[in-house]
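Take a look at the letters that make up each chain.
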Number of protein chains: 2
Amino acid sequence: MNPLTCPLPVFDTETILMGHGGGGRLSADLFRNVFLPAFGNSILGRADDQAFLEIGGARLAFTTDSFVVKPLFFRGGDIGSLAVHGTVNDLAVGGATPLFLSAAFILEEGFPLECLRRIVSSMREAAQRASVQIVTGDTKVVEKGSCDGMFINTAGIGIVDTHLHLSADQARPGDVVLLSGPIGDHGIAILAEREGLSFEADIVSDTAPLHSLVADLLATGATIRCMRDPTRGGVASSCNEIAQTSGVGIQLEEKAIPLREEVRGACELLGLDPLYIANEGKLLAICAPEDAERLLAAMQRHPQGAGASRIGSITSANSGLLTMRTALGATRIVDMLANDPLPRIC
Amino acid sequence: MNPLTCPLPVFDTETILMGHGGGGRLSADLFRNVFLPAFGNSILGRADDQAFLEIGGARLAFTTDSFVVKPLFFRGGDIGSLAVHGTVNDLAVGGATPLFLSAAFILEEGFPLECLRRIVSSMREAAQRASVQIVTGDTKVVEKGSCDGMFINTAGIGIVDTHLHLSADQARPGDVVLLSGPIGDHGIAILAEREGLSFEADIVSDTAPLHSLVADLLATGATIRCMRDPTRGGVASSCNEIAQTSGVGIQLEEKAIPLREEVRGACELLGLDPLYIANEGKLLAICAPEDAERLLAAMQRHPQGAGASRIGSITSANSGLLTMRTALGATRIVDMLANDPLPRIC
Ligand SMILES: Nc1ncnc2c1ncn2[C@@H]1O[C@H](COP(=O)(O)OP(=O)(O)OP(=O)(O)O)[C@@H](O)[C@H]1O
Ligand SMILES: Nc1ncnc2c1ncn2[C@@H]1O[C@H](COP(=O)(O)OP(=O)(O)OP(=O)(O)O)[C@@H](O)[C@H]1O
Ligand SMILES: [Mg+2]
Ligand SMILES: [Mg+2]
Ligand SMILES: [Mg+2]
Ligand SMILES: [Mg+2]
Ligand SMILES: [Mg+2]
Ligand SMILES: [Mg+2]
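This structure is a prediction, so every number in the text was calculated from the model and none was measured. (Residues numbered from 1 in each chain as written. Chains lettered and ligands numbered in written order. Predicted model: local features only at pLDDT ≥ 70, side-chain atom pairs only at ≥ 80, totals over all residues. Heavy atoms only, no water.)

### Comments concerning the UniProt feature "domain: PurM-like N-terminal" (unreviewed entry) in chain A
Keep this limit in mind: UniProt positions are given in the numbering used here, feature names are shortened, and annotations may be inferred rather than shown by experiment. Comment: elements are numbered from the N terminus, with helices defined as DSSP H or I runs of at least four residues and strands as E runs of at least two.
Cross-referencing UniProt, the feature "domain: PurM-like N-terminal" (unreviewed entry) maps to residues 48-160 of chain A in the present numbering. Annotated as 27% helix and 45% strand, the span residues 48-160 of chain A places its first and last C-alpha atoms 14 Å apart.

Encoded structure:
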């Protein structure tokens, strides 16, 4: 047994818990024990942020997300822009150029049309900014009390270069971990809005499309192994997934992880670890060591990567684990969370 | 003014009504006044059951639906099989071969895992039967009381022959309207289950995939103008949409419309018009008159078209309207409904 691991409590449950939607360990268990065995096929089995499909000679990426964020409007965005960015980003981090989106609404009876119009117009702007077209949709209405205002699902299709094979199983010892900017802004902005916390005004969601930043990175020709948007479960969960899938260790440097003072303060106040907090406009990239400098430079040249930093590296030691060298020099395991520290964040 | 039209009350509302999800006039208004102007592009503007996309030399169909059916399990199916069939059918009626599906779940905290497993296994069977792969998905959980058990969204991608241009704007005077079998079974089965009505045992949902029936029809080489799966809003709404989009009249023959005795009886009892009741495994096809006989014969040869019938024709008179010659020989307008006679049917 690896000296850094320790036996973890098993969450055996007969009902769905909030944690099954948290993007952490319970989510991964549900996928592995329920969805994957039933739907089982090699495309789904990759379990990356998008599926790659070969159709009629074209190589496509396909992805979906439902959005249940509460509240619907928050500093920096709303459920509509989030629903567009989320799907655009899951395509982009696979190296795909996002092209087409679907938009399906579940609306609660009595929902104000004025709010729907605002959300739809925010989706339009987000789609324009990301150069995608919303080409199909669906609208269902349920009785008052049967859903919480509105839920949106988007699915997206993008086109991918046939030479590109980004995947969570590609990380190798020696590789470098880059992060495009400060973490935790989205999750803390939502929490502040929801709970009416006083630091609300200072913290704004980072929700943004990543397609343009990704295009710049791909254009460098650098060897990128894998990219992720660290959403639910935060940077910690994304890194854990990559470490497990590639069978490598990931070691982060706490001092190198960009974090706004306001977010650090809010996390301390609330007892939250920013590594687990959701981001909606940040990019995590694993690349070959010889290309790390110029990839980081390309990130920093892009407005959305201005705060980018090299936050860690891939190791052969501690295979399957994420560790962090703390500011004080100690090394600790950063495990996948079982429960959900911040539900309904996206 | 056409002598058959009459001024209709305008539904101006500031909030979402159940009818906005009914697949009738309020649904169409919401699409035309809110979604289409915001997302506006020529692909969405077609407003058919699926979008056609040209990507990398391939011609694809893309569609999405959310499912909020209540109850989750019913005679003949469950929300899982429905979610697969619904999206497979929206691809198939565009002439596409369905290939790949996404599956996104919104689960209520406390939902029994056993029910989730049953539903997921029913999706697996439905996907196998329709020869599609579920390749990507998403799982969100909301607090108890924030959704009604579970909602599922599926999106789907299919491939279409570049020569095929099925669309609701293709109907021409003289064309023939074919229907693959008896109507209303799905809607009445759900209603019976929900309300605990006594005729429950006799009426079973017709939920089924249409890809194989459609493949047989396309293989005849007959000139098909347009196909629809008459789901929410029933045959009446689908025919109204085609009449409006093609700028033609559609005249149905009441006596020719297949209807099971049990469904007719239930509709009479409940004061419902079967023309507006949802079907989940029926196909409506408009074809050139010279091909009608052999297309009907091909339908009837397929197990899912055994009860097929020629139910009407396209006219130049009464442009934009659906009319029906009743059993007694009178002609009446069959308008689009504003409200939703049967909510949460799919
Ligand atoms: N219900 C499901 N059915 C099939 N696959 C699923 C399901 N839920 C999740 N998955 C798959 O699990 C993997 C992880 O999904 P997840 O939703 O965590 O990724 P993500 O969309 O990038 O994150 P987020 O939803 O936080 O934006 C993906 O490969 C996804 O396709
Ligand atoms: N919220 C929306 N945004 C964009 N387009 C929408 C939206 N809702 C519906 N549409 C479009 O309106 C048209 C009709 O949609 P509708 O859902 O009634 O068709 P359907 O899926 O065939 O029917 P059903 O949902 O009953 O199975 C389609 O072209 C669809 O893409
Ligand atoms: Mg996502
Ligand atoms: Mg992602
Ligand atoms: Mg629909
Ligand atoms: Mg349809
Ligand atoms: Mg549909
Ligand atoms: Mg997801």
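### Brief notes about the side chain of B:Arg228
Residues and elements named next belong to chain B. Put simply, the rule reads: Only protein chains enter the accessibility calculation, which uses a 1.4 Å probe; a residue whose area is less than 20% of its type maximum is buried, one above 50% is exposed, and one in between is partly exposed. Identification of polar contacts relies on pairs of N or O atoms within 3.5 Å, with a donor-acceptor requirement for protein atoms, meaning one able to donate a hydrogen and the other able to accept it, and with residues adjacent in sequence counted only if both atoms are side-chain atoms. Contacts between residues were defined by any pair of non-hydrogen atoms, one from each residue, lying within 4.5 Å.
Of note, Arg 228 is situated in strand 9 (residues 224-228). Look at Arg 228 and you get buried, because its relative accessible area is 2%. Only 2.7 Å separates the side chain of Arg 228 from the side chain of Asp 48, close enough to count as a polar contact. The residues contacting Arg 228, other than those within four sequence positions of it, are Ala 47, Asp 48, Asp 49, Val 93, Ala 168, Ser 238, Glu 241, Ile 242, Lys 282, Leu 283 and Leu 284.

### Some remarks on the sheet that holds strand 5 (residues 97-108) of chain A
Residue and element names in this part refer to chain A. This is how it is decided: Any two strands are treated as partners once DSSP identifies two or more bridges connecting them. To obtain each axis, a line is fitted to C-alpha atoms, and for helices this fit is confined to the stretch in contact; angles are then taken between N-to-C directions over 0 to 180 degrees.
Pairing is mixed in the open sheet, where five strands are placed in the order 1-2-7-5-6. On the outer flanks of this sheet lie strand 1 (51-55) and strand 6 (133-142), each paired with one strand and no other. Each neighbouring strand pair of the sheet contributes to a mean axis angle of 20°, computed without reference to strand direction. Two elements, strand 5 and strand 6, share nine bridges in a ladder whose sense is parallel. Across the sheet, residue Leu 101 finds its bridge partner in strand 6, namely Ile 134.

### Comments concerning the packing of helix 5 (residues 185-195) of chain B against helix 8 (residues 261-270) of chain B
Packed helices, taken two at a time, are described by the angle their axes make and the gap between the axes. All names here are of chain B. Rules: Angles are sorted into four bins: roughly parallel if under 35 degrees, roughly antiparallel if over 145, roughly perpendicular if 65 to 115, and oblique for all others. Crossings are assigned a handedness: left-handed for a near helix turned anticlockwise from the far helix by less than a right angle, right-handed for a clockwise turn. Side-chain classes follow a simple rule in which Ala, Val, Leu, Ile, Met, Phe, Trp, Tyr, Cys and Pro form the nonpolar group, Asp, Glu, Lys and Arg form the charged group, and the remainder, Gly included, forms the polar group.
As a packed pair, helix 5 and helix 8 sit with axes 10 Å apart at the nearest point and diverge in direction by 60°. One way to sum up the angle between helix 5 and helix 8 is to call them oblique. For the pair helix 5 and helix 8, the crossing hand works out as left-handed. Touching Asp 185, Ile 188 and Leu 191 of helix 5 are Val 263, Ala 266, Cys 267 and Leu 270, all from helix 8. Residues that form the contact of helix 5 with helix 8 fall into these classes: six nonpolar, no polar and one charged.

### Observations concerning the coordination of the magnesium ion (ligand 7)
Geometry sets the ideal angles at a metal, namely 109.5 degrees for four tetrahedral donors and 90 or 180 degrees for six octahedral donors. Residue and element names in this part refer to chain B. Our working rule: Counted as donors are the N, O and S atoms within 2.8 Å of the metal, or 3.2 Å for Na, K and Ca, while water is not among the atoms, so some sites may look incomplete.
Distances from the magnesium ion (ligand 7) to its protein donors, Asp 65 (OD) and Asp 90 (OD), fall at 2.0 to 2.1 Å. The metal-metal distance between the magnesium ion (ligand 7) and the magnesium ion (ligand 5) is 3.7 Å, with Asp 65 coordinating both. Residue Asp 65 is located in strand 2 (residues 58-67), and its partner Asp 90 is located in helix 3 (residues 79-92); the two are separated by 25 residues in the primary sequence. We classify Asp 90 as buried; its relative accessible area is 7%.

### Here's the deal with the pairing of strand 13 (residues 322-325) of chain B
Residues and elements named next belong to chain B. For strand 10 (residues 249-253) and strand 13, the ladder comprises four bridges, and the chain directions are parallel. Across the sheet, residue Gln 251 finds its bridge partner in strand 13, namely Thr 323. The hairpin turn running from strand 13 into strand 14 (residues 331-333), its antiparallel successor, is five residues long, and Gly 329 in that turn takes a positive phi close to 95°.

### Some remarks on the packing of aromatic side chains
How two aromatic rings sit relative to each other is given by the distance of their centres and the angle of their planes. Put simply, the rule is: In summary, the pairing rule links any two rings of Phe, Tyr or Trp, Trp by its six-membered ring, whose centres are within 6.5 Å, and it sorts them by plane angle into stacked for under 30 degrees, edge-to-face for over 60 and tilted for everything else. The criterion is that NZ of a Lys, or CZ of an Arg, lies within 6 Å of the ring centre and within 35 degrees of the ring normal, and then a charge sits over that ring.
Summed over all chains, the structure comprises six aromatic pairs over all chains. The structure contains a cluster of three or more aromatic residues connected by ring pairs, namely A:Phe35, A:Phe39 and B:Phe105. Lying over the aromatic face of A:Phe52, A:Arg59 brings its terminal NZ or CZ to 4.6 Å of the ring centre. Sitting over the face of the ring of A:Phe67, B:Lys140 holds its NZ or CZ atom 5.8 Å from the ring centroid.

### Some details on the site of ligand 1
Defined as follows: The criterion for a residue being near a molecule or strand is simple. One of its heavy atoms has to lie within 4 Å of it. To measure how exposed things are, a 1.4 Å probe is used in the Shrake-Rupley method; for residues, cover is taken only from the protein chains shown.
The environment of ligand 1 is formed by 18 residues, the closest being A:Asp48, A:Asp65, A:Thr231, A:Arg232 and B:Thr139. The separation between an oxygen atom of ligand 1 and a polar side-chain atom of A:Asp65 is 2.9 Å. Within the complex, the protein chains bury 89% of what would otherwise be the 620 Å² of accessible surface of ligand 1. If you list the elements that add at least two residues to the shell around ligand 1, you get helix 1 (25-39) of chain A together with strand 5 (97-108) and strand 6 (133-142) of chain B. Ranked by the residues each element gives to the shell around ligand 1, the list is headed by strand 6 of chain B, at five residues. Classifying every residue of the shell around ligand 1 gives seven nonpolar, four polar and seven charged.

### Some thoughts on the pattern of salt bridges
Using the following cut-off: The term salt bridge refers to a side-chain nitrogen of Lys or Arg lying within 4 Å of a carboxyl oxygen of Asp or Glu.
Evaluated as defined, the whole model comprises 40 salt bridges over all chains. A salt bridge links A:Arg294 to A:Asp291, with the nearest nitrogen and oxygen atoms 3.5 Å apart. Assessed through its relative accessible area of 39%, A:Arg294 is described here as partly exposed. Between A:Arg344 and B:Glu143 there is a salt bridge; the shortest N-O distance is 2.7 Å. Note that A:Arg344 is positioned in the segment after strand 14 (331-333) and B:Glu143 in the loop between strand 6 and strand 7 (150-159), a pairing that runs across two chains.

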